[in-house]
Amino acid sequence: MTIKCKKCSTPSIIYQPYSGLHLCEKHFYEDLERKAKLTLRQRYPIKKNDVIAVALSGGKDSSVALLLMHKIFGNRPDIRIVAITIDEGIAGYRDESIARAKELTERLGVEHIVKSFRDEYGKTMDDITSEKKLLENHFGDDKKELGACSYCGVLRKKILNVVARDIGATKLVIGHNLDDEAQTVMLNHFRGDVERMVRFSAASELDGFIVRVKPLRKVPEKEIALYAYLHDLPMELTSCPHSFGALRKEVRRMLNGFEVNHPGTKYSLVRGFDNMVPLLAAGLEVSDIRNCEICGEPCNDSICQACKMLEKSI
Ligand code: SF4
Ligand SMILES: [Zn+2]
Ligand SMILES: [Zn+2]
């Protein structure tokens, strides 16, 4: 028996356990796009003459984020959209996704900038991970939990911020989905890191930092995968050889289990966190923004995290 869409009588293509709705293709698109627009309106309003940089890895999440920004703002003459791809230098993995990112920007007619770890830092992620000592020095016993992805994330974020600022971007869109957000909330709880929780959710302009915008933070990963597939967007075909993140994987498994037994858990976690942040922020002394003594980039210490990491790798 064909199951019909709850909003019209055409066949459904997806069931959302958390909403109890069966949706057809048209209403699924509408639902996902409505969630993204609402998130933008409520948390990151796009203003006249904004320059929107989109961090585009070439995976499904960032590709959907770029497609949506193009769909929503592509016809606005006052808004410029630029995709930025970072080549971390991961053989057999990144080359493929950069090619897909290039294909998508050409298809949409969006400006595309590619920057590499090799050009900016003189070394690739493959070089960094081959220096086993480096990871041990920096992370000690935690290296399996943090390891390569922490290096990669900090170094990538720095280039994204610099490039976005250089092109005059006023927003930096990243493709984090509901699953990423719920996992990060849990991980921050596990680490007991309150300041990080507040910084993680900040959508305000701090000197030298471009506002990070997450239009997909209320869209489950599975729905993004389906949306990407139906729009013929890139999907991850290979996985990164350096991905450790054992703790995140454990949290991901745990949350997926909860979601099956208690649909809506991921939404509740993120919603609860959003409600909690203003209360935490009110009682928290957030460190001043300074400029890194080595590279001059904004940070909350005398030396930024990227420079600390790179110093250890010399
Ligand atoms: S999985 Fe980790 S190391 Fe690989 S690209 Fe992503 S953040 Fe970088
Ligand atoms: Zn329908
Ligand atoms: Zn620095």
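Source: prediction; values computed, not measured.

A closer look at the site of ligand 1
- Close to ligand 1 lie Ile90, Tyr93, Arg94, Cys149, Cys152, Arg156, Cys240, His242 and Ser243, which account for all nearby residues.
- The leading source of residues in the shell around ligand 1 is helix H7 (residues 147-166), at three residues.
- Of the residues that constitute the shell around ligand 1, the class distribution is five nonpolar, two polar and two charged.

Considering the nonpolar core
- If you look at the biggest cluster of nonpolar residues, it comprises 38 residues, and the most contacted ones within it are Ile52, Val64, Leu66, Met69, Phe73, Ile81 and Tyr227.
- For this core, the elements supplying multiple residues, two or more each, are strand E2 (21-23), helix H1 (25-43), strand E3 (51-55), helix H2 (60-73), strand E4 (80-87), helix H3 (94-108), strand E7 (211-213) and helix H10 (221-230).
- Here this core gets seven residues from one element, more than from any other, and that element is H2.
- The residues contacting Tyr227, other than those within four sequence positions of it, are Phe28, Tyr29, Leu32, Glu33, Val64, Leu67, Leu68 and Lys71.
- Counting 35 residues, the second largest nonpolar core, distinct from the first, contains Tyr151, Val163, Ile167 and Leu310.

Some points on the coordination of the zinc ion (ligand 3)
- Note on the zinc ion (ligand 3): its protein donors are Cys292 (SG), Cys295 (SG), Cys304 (SG) and Cys307 (SG). The metal-donor distances range over 2.3 Å.
- Taken together, the four donor atoms coordinating the zinc ion (ligand 3) span angles of 105 to 113° at the metal, a pattern that classifies the geometry as tetrahedral.
- Linear spacing of the donor residues for the zinc ion (ligand 3) on their chain is C-x2-C-x8-C-x2-C. With Cys292 in the loop between strand E8 (290-291) and strand E9 (298-299) and Cys304 in the loop between E9 and helix H13 (305-312), this pair connects stretches of sequence that are 12 residues apart.

Regarding the UniProt feature "binding site: ATP" (unreviewed entry) in the protein
- UniProt annotation of "binding site: ATP" (unreviewed entry) refers to Ala55, Leu56, Ser57, Asp61, Ile86, Gly175 and Asp180 when read in the numbering used here.
- Position of Ser57 among the secondary structure elements: in the loop between E3 and H2.
- Not counting residues up to four positions away in its chain, the partners in contact with Ser57 are Ser62, Arg94, Ser97 and Ile98.
- Of the polar contacts made by the side chain of Ser57, one reaches the backbone nitrogen of Gly59; its length is 3.1 Å.
- In this structure, Asp180 is in contact with Gly175 and Arg248, ignoring residues within four places of it in sequence.

Describing the coordination of the zinc ion (ligand 2)
- The coordination sphere of the zinc ion (ligand 2), as far as protein atoms go, consists of Cys5 (SG), Cys8 (SG), Cys24 (SG) and His27 (ND1), spread over 2.1 to 2.3 Å.
- Around the zinc ion (ligand 2), the four donor atoms sit at angles spanning 100 to 113°, and that spread fits a shape best called tetrahedral.
- All donor residues of the zinc ion (ligand 2) come from one chain, and their arrangement in sequence is C-x2-C-x15-C-x2-H. Placement of Cys8 in the segment before strand E1 (14-16) and of His27 in helix H1 is noted, with a sequence separation of 19 residues between them.
- With relative accessibility at 10%, the residue His27 sits in the buried group.

Basis of the calculations
Residues numbered from 1 in each chain as written. Chains lettered and ligands numbered in written order. Predicted model: local features only at pLDDT ≥ 70, side-chain atom pairs only at ≥ 80, totals over all residues. Heavy atoms only, no water. Near = heavy atom within 4 Å. Helix = DSSP H or I, 4+ residues; strand = E, 2+ residues; numbered from the N terminus. Nonpolar A, V, L, I, M, F, W, Y, C, P; charged D, E, K, R; others polar. Core = buried A, V, L, I, M, F, W, Y, C linked by side-chain atoms within 4.5 Å. Buried < 20%, exposed > 50% of the residue type's maximum accessible area, 1.4 Å probe, protein only. Contact = heavy atoms within 4.5 Å. Donors = N, O, S within 2.8 Å, 3.2 Å for Na, K, Ca; no water. Tetrahedral: all angles 85-135°; square planar, octahedral: opposite > 155°, others 65-115°. UniProt positions renumbered as here; feature names shortened; annotations may be inferred. Polar contact = N/O pair within 3.5 Å; in protein donor to acceptor, adjacent residues only side chain to side chain.

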